[in-house]
Every structure is written in C-alpha cells, then in structure tokens.
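Residue-level listing of the chains:
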Amino acid sequence: MHKTFVVWDLGATKCAAALIHFDVEMDKFNCICSTRVPLRDCSSLDELVTQIEHRLHYTMSHADAICIAAAGRYNGHHIELEARYPYPMDIARIEKQQQWKNIEIIHDYAAVACATFTSYLQQPANIKTIVDGALDPFGRRVVFGVGTGLGLKDIVLLANGDFWLGSNEAGHIGLTLPPKANTADQQRHNDFIDFLKRERGLPQGNVLTFEQVLSGRGVARIHHFLTGHRQMTPEEISHTMTQGKNMETMKMLAWYLGLFISTVQLMFMPSGGIWFTGGVILKNMGVCDQAELFEGIYSCPAYQKEREKFPLHVMVGPEYALMGCAYYASRRLIDSIA
C-alpha cells in the first residue's frame, strides 16, 4: 500500500516541487519526479500550479496529501513574505477552487528538520560530515540555514514515529564576545562591532545579531570590514572565494559560523546533532574546512567534552526539504501508519 504526496519548497524566487510515493508498510519514500520553477516565469499562483502539474505529470487534487514548506508565514489565506512574492500566494483560494485535500503549509525549516529523519540524509552524496558523533536517535536535533537570513528549527523524534517541533528564532540572538577567544580574535571582533555600528548608524549600545553577520549581507559586511571595498555583491565575493581569493573573508566567516554553532550547542545540547545548509554555505563550502570554524566553536569552552560528541553535518543534497515535507505529510496528514 502506498500514498501519493505532492510537496513544495516555496522560496522567495523559485519553487521546487516533487511527486513522492510513500510505502506505508515499509515506511519508505520514493521521489517519482521533481522540478524547479522560477516564480517570475509565471504571472500568478494559478499559472505556477499549472506549470508544476505539467512538469510532474500529475494533478495535485489527486494527491493523498499536499505539504508546502514556505518562506514567510501563512495567515490562513495568503503566505506573507517580508521580501514579497512576485504575486499573491493566496493558497486558500486555489485550494478551494481545485479541491485539494489534506493540505498543510509549514515553515520552510520545519521541512528541513523533518528531513533529518529520512534515509535521504544518510546517503553520502547528500551530506558532508564535519563531526561524526554518536547520534542519539531520540535526542534533540537542530537545523539552521545561512542564506538571505538565518533560519533555525529544533525537533525531537518520538518513540511512536511522530515528532515534536520547536518554534525558535535563534538568528535574532545578540552577537556577543565569546569567553575564551584568543587575543587577536577578541580585538578583531571588537573592531568589527565598532565598524558595524558606524556603518549602520546604530545608536550607542544597540545589539547586533548573528543574522546580521551570518547571511548574504553579512558576507558583504565582513568583506567590507577586511578590505575596505563595499562594491562587491555577496555572489561576487563567493565567486572569488571559490577561486582561492579573499581567504581572510572566508576565515572570518568560518569563525563566526563556529561561534554560532557553539551558541546553538549550549542552548539546545543537541545530542541528535546539528545539521546546517543555506545558500551562503553551499556557495562557500570551503568555510567548513577552515580551522577557524573550530576556533569559533571552542571559543565557548563550557561543556566542551559533551559537545564534542554531537554530530555536525552539512546538508548538500538538492531535495532535502522536499523529502522533509514528505516525512511531515506521512506523520501528520494521513492516517497513522500501521
């Protein structure tokens, strides 16, 4: 017996979608077909749906469940995004018109968190392991993504196969000086904070957040601080780093990434592991190989022996969010599995 899911990963500029079969007895997922549609290739949500159905060779109303992982927030009628979609994402209207059934719109990082329970992220091609720790299957897991912003979710697998999902906003944590940074890193950090406050015109004492450093704009800020040049875009900076240039920018980015990882470790004590991804990381994979990454992690020494056991992975496969949507649908949108 199998169920058929249509799943979306709806971002600000494109929508990935897949048709997935779920074998209920074996508890396995099989991606039959997937596609990616740039949002600006369509003039409306109706046209986007038509494009997806055409590319998947499947009518969405036939699916046993539909799960949409979306950037932004769903208000019961529209998906609202601060950066704005090119046209209204009035899901409720089209759901009613086309008689979709068993549909749910979830936070994009909820799908990423659910993906950690799937075999997709056990395949070597889809993951880069930084710390191969002893994973506690029922321990807290944390996923985060460094991209336009800094998204994060925590999740726990339950004994009955369902899960508990947190609702955290760790990207808005204040950027602070770690307790055991070496003298050079301390000085650079203080100089960088002063630089950011001057450049951004922040009032005295205003706290900077991790998201302002670990994001596309954050890469540009680090590069500007180190070189004095502010003309380059994050994409141009990433391109030069992949060519072995601007290594100081990469090293400083790695240090702040490590500092954020240590903060997340201390907040959650995630014995189920930390899993991270995002456009900034995937365009700058060399950041994961820098010694500065671990210098940032160890600059917060508390519970270091326990934290060294926590797995640390980078999600590099292109369809982890889609597989996570399918996992969510299998646990929440159909009858419980036998």
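Anything mentioned here points back to the structure above.
Below or above, wherever it landed, is the structure these notes cover. Since the structure is predicted, the reported quantities are computational estimates derived from the model, not experimental observations. (Residues numbered from 1 in each chain as written. Predicted model: local features only at pLDDT ≥ 70, side-chain atom pairs only at ≥ 80, totals over all residues. Heavy atoms only, no water.)

### Description of the overall build of the protein chain
Inference 1: Summing up its helical and strand segments, the protein chain has eleven helices and 13 strands in all.
Inference 2: In terms of overall dimensions, the protein chain is globule-like: its C-alpha atoms have a radius of gyration of 21 Å, near the 20 Å expected for 338 residues.
Inference 3: If one aligns the C-alpha atoms of the protein chain with their principal axes, the spans along those axes are about 60 × 45 × 35 Å.
Inference 4: The burial tally for the protein chain puts 51% of its 338 residues in the buried class.
Inference 5: Counting contacts in the protein chain only where the partners sit at least 6 residues apart, residues at least 24 apart contribute 69% of the total.
Inference 6: Total accessible area on the protein chain stands at roughly 15600 Å², and carbon and sulfur atoms take up 49% of it.
Inference 7: Of the charged side chains in the protein chain, 31 are positive and 35 negative, and the gap between their average positions amounts to 4 Å. (Helix = DSSP H or I, 4+ residues; strand = E, 2+ residues; numbered from the N terminus. Rg over C-alpha atoms; globule rule 2.2 N^0.38 Å. Buried < 20%, exposed > 50% of the residue type's maximum accessible area, 1.4 Å probe, protein only. Contact = heavy atoms within 4.5 Å. Areas by Shrake-Rupley, 256 points an atom, 1.4 Å probe, with all protein chains shown as cover. Lys, Arg positive; Asp, Glu negative; His and termini not counted. Charge placed at Lys NZ, Arg CZ, Asp CG, Glu CD.)

### Focus: the packing of helix α5 (residues 216–227) against helix α7 (residues 247–268)
Inference 1: Between α5 and α7, the least distance of the axes is 9 Å, while the angle of their chain directions is 125°. Judged by the inter-axis angle, α5 sits oblique to α7. Two packed elements cross with a definite hand, and for α5 against α7 that hand is right-handed. Residues Val-219, Ile-222, His-223, Phe-225 and Leu-226 of α5 touch α7, and the partners they reach there are Glu-248, Thr-249, Met-252 and Leu-253.
Inference 2: The class makeup of the residues in the contact of α5 with α7 is six nonpolar, two polar and one charged. (Axes fitted to C-alpha atoms, helices over the stretch in contact; angles between N-to-C directions. Parallel < 35°, antiparallel > 145°, perpendicular 65-115°, else oblique. Left-handed = near helix turned anticlockwise from the far one by under 90°. Nonpolar A, V, L, I, M, F, W, Y, C, P; charged D, E, K, R; others polar.)

### Notes on the pairing of strand β4 (residues 65–70)
Inference 1: Counting buried positions along β4 gives six out of six residues, so the element sits mostly inside the fold.
Inference 2: Burial of β4 is two-sided: the residues Ala-65, Cys-67 and Ala-69 facing one way and the residues Ile-66, Ile-68 and Ala-70 facing the other way are all buried.
Inference 3: As paired strands, β4 and strand β7 (residues 103–107) are joined by five bridges and run parallel to one another. Residue pairing across strands places Ala-70 opposite His-107, the latter belonging to β7. (Pairing = 2+ DSSP bridges.)

### A word on the sheet that holds strand β13 (residues 312–315)
Inference 1: Reading across the sheet, the six strands line up as β8-β13-β12-β9-β10-β11 and stay open at both edges, with mixed pairing between neighbours. Where the open sheet ends on each side, the last strands, each with one partner, are β8 (127–131) and β11 (163–165). Strand-to-strand twist of the sheet, defined as the mean angle between neighbouring strand axes without regard to direction, takes the value 25°.
Inference 2: Relative to strand β10 (residues 150–157), strand β9 (residues 141–146) runs antiparallel, the two being bridged by six bridges. Within β10, the position partnered with Phe-144 by the bridge is Leu-152.

### Details of the nonpolar core
Inference 1: Residues Phe-144, Leu-214, Tyr-256, Leu-257, Phe-260, Ile-261 and Phe-276 are the most contacted members of the largest nonpolar core, which totals 45 residues.
Inference 2: When neighbours within four sequence positions are excluded, Ile-261 is seen to be in contact with Phe-144, Ile-274, Phe-276, Leu-293, Ile-297 and Leu-312. (Core = buried A, V, L, I, M, F, W, Y, C linked by side-chain atoms within 4.5 Å.)

### Let's talk about the packing of α5 against helix α6 (residues 234–242)
Inference 1: Running from N to C, α5 and α6 cross one another at 65°; their axes reach a closest spacing of 9 Å. Taken together, the axes of α5 and α6 are roughly perpendicular relative to one another. Crossing of α5 over α6 shows left-handed handedness. Within the contact between the two elements, α5 uses Gly-216, Arg-217, Val-219, Ala-220 and His-223 and α6 uses Pro-234, Ile-237 and Met-241.

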